[in-house]
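Observations on the three-dimensional arrangement
Chain by chain, the residues:
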Amino acid sequence: MMRLYVEGIGLLGPGLDGWSASRDVLAGTTPYVAAPTSLRASDMLPAAERRRAGVPIKLALAVGQEAFLQAGRDTKTTSTVFTSSGGDNDNVHAINGILATAPREVSPTRFHNSVHNAAAGYWCIAAGTHEPSTSLCAYDASFAAGLLESATQVTVDDATVVLIAYDHPYPEPLNAVRPIAAAFGMALILTPRKTEKSLATIEVDIVSGNGQETAMRDAGLEALRSGVPAARGLPLLAALARGEAAQLCIAYLDDNHLDIRIAPC
Amino acid sequence: MAASAQEKELAQLIVTSLNLEMTADEIEPEAPLYGEGLGLDSIDILELSLAISKTYGVQLKSDDADNNKIFSSLRSLNEHIQQHRPK
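Throughout what follows, the structure given in this document is the object of discussion. (Residues numbered from 1 in each chain as written. Chains lettered and ligands numbered in written order. Predicted model: local features only at pLDDT ≥ 70, side-chain atom pairs only at ≥ 80, totals over all residues. Heavy atoms only, no water.)

Facing the 14 residues of chain B at the interface are 11 residues of chain A. A buried area of about 1,000 Å², summed over both sides, lies between chain B and chain A, and 44% of it is on carbon and sulfur atoms. Note that A:R52 and B:D44 form a salt bridge whose closest N and O atoms lie 2.9 Å from each other. One can count eight residue pairs in polar contact (both at pLDDT 80 or more) joining chain B with chain A. At seven residues, the largest contribution of residues to the side of chain B that touches chain A is made by helix 2 (residues 42-56) of chain B. (Contact = heavy atoms within 4.5 Å. Buried area = accessible area lost by both parts, 1.4 Å probe. Salt bridge = Lys/Arg side-chain N within 4 Å of Asp/Glu carboxyl O. Polar contact = N/O pair within 3.5 Å; in protein donor to acceptor, adjacent residues only side chain to side chain. Helix = DSSP H or I, 4+ residues; strand = E, 2+ residues; numbered from the N terminus.)

Put into C-alpha cells, the structure is as follows:
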C-alpha cells in the first residue's frame, strides 16, 4: 500500500470550469450542466509557445496552474507525471492529412507538437522547472497508470509530484474508431508527508482481478468518466469534493485494478 | 513608407501561418522579423518558409547565405519572394 497526501487540485472539462467552480457539482449538491470545455492558452507561457499550444497543452497547463495556485507550491521544485491516452489528437489528424496529400510537407510546428511528451515540454518552459518529468499513455487505463506512477515516485523518491491527466477527442474519421467524449484535464499535487495544506490522504494498492469500477452518481458525469480516459479519475475528485472517507475502484491494465482509499485531513 | 498591397498580403500570411497575437496591419514593413521586433524564432522561420513555398512557389533554403538579409524585414522578404516567384 502506498500512502500520499493531496495538496492541490486542478480540473477542466465540459461544464467543469475549474476545481473551485466544480466542487459543488462533483459533491452532488449542484446539478451538472454539460457545456463545451472552456479552453484558453495559459498566461504562464511565453508568447511564442502560447500561440503554438494545441488543446492538450491548454488543458494540461490550465489544470496544473490551478493545482499549484491552490497548494501555494513552487512549480520549479515539483516533479511531473503527465498521462494521456492519445496526446494531441488534433495534431495526429492534421499530420495524417498532410502525409496523405502531395507534397507531404509537414509543418514544423505540427512536428514539434507531435511527440507524446509535448505537454511536459511546454509545462517545463512555463513552470521554469528542470525536475524529473514522466509522460505516459495506457489507453483506457491512462489515469490509473499515471496515479500508480505518481504514487510510486512519491513513495520511492520521497518526492512531491504533480499528476496531470488530459485527453481530447479525435476529429473524424479517427473519432469513429477511438471515440473520446470531450476535452478534459485534471491535476493532483501529491506529497509524501502531511502538510498544513493537505486536503486528504490517498492510499493506493494495485490488486489483481477485475473490480467493480466506481461510477459517478450523476448520469452526465458518468458518461464523461466512462467516455474520456483521463476522466477515470472523476470518482476520486467527487470523493474529495464531498470531503468524506471513500473507497474507490479504478480499472488498470491486464485485468488489474487500483484499490483507492480516501480520507479527508 | 507604408506597406504595399503585396506586403499586406504577405503580412497576413505571416499572422495566419504563425497564429500571431496581432493583426497584419501591425507588422511594420521595415521592422526586424527575427528576434527583437516581431519576436519570431527558428521554428517560426521554418513554418513561414513552408507557408511561402505553398503560397508563392518560392523555396527558401535553411542554408542560404542570404537568409539574414531575406528575413530581415517584411519588405526584404517580400522583395525576395517577388523576384523569385514563378512567372
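Scanning the entire structure with this criterion turns up 18 salt bridges over all chains. One salt bridge in this structure joins A:R40 and A:D17, with 3.0 Å as the shortest N-O distance. Taken together, the positions of A:R40 in the loop between helix 1 (19-27) and helix 2 (47-52) and A:D17 in the loop between strand 1 (2-12) and helix 1 put the pair 23 residues apart, joining distant regions of the chain. Residue A:R40 is classed as partly exposed on the basis of its relative accessible area, which comes to 42%. Note that B:D44 and A:R51 form a salt bridge whose closest N and O atoms lie 2.8 Å from each other. One end of the pair, B:D44, is in helix 2; the other, A:R51, is in helix 2, on a second chain. The burial state of B:D44 is the same as that of A:R51; both residues are buried. What emerges from the salt-bridge pattern is a single network uniting A:R3, A:E203, A:D205, A:D259 and A:R261. (Buried < 20%, exposed > 50% of the residue type's maximum accessible area, 1.4 Å probe, protein only.)

Moving on: the sheet that holds strand 1 of chain A. Residues and elements named next belong to chain A. Judged by pairing direction, the sheet is mixed, and its eight strands sit side by side in the order 3-2-4-5-1-6-8-7 without closing on themselves. Where the open sheet ends on each side, the last strands, each with one partner, are strand 3 (133-136) and strand 7 (246-251). Across the sheet, the mean angle separating the axes of adjacent strands is 25 degrees when strand polarity is ignored. Strand direction decides the pairing type here: strand 2 (residues 79-83) and strand 3, joined by four bridges, are parallel. Bridge pairing in strand 3 links V81 to T134. (Pairing = 2+ DSSP bridges. Axes fitted to C-alpha atoms, helices over the stretch in contact; angles between N-to-C directions.)

Residues and elements named next belong to chain A. Here the amide bond leading from A102 into P103 is cis, since omega sits at 5 degrees, within 30 degrees of zero. With respect to the element layout, P103 can be found in the loop between helix 4 (89-99) and helix 5 (108-112). Between E172 and the following residue, P173, the backbone shows a cis peptide bond with an omega angle of 10 degrees. For D158, which is not glycine, the phi torsion reads 55 degrees and is therefore positive. By the element assignment, D158 lies in the loop between helix 7 (142-157) and strand 4 (161-167).

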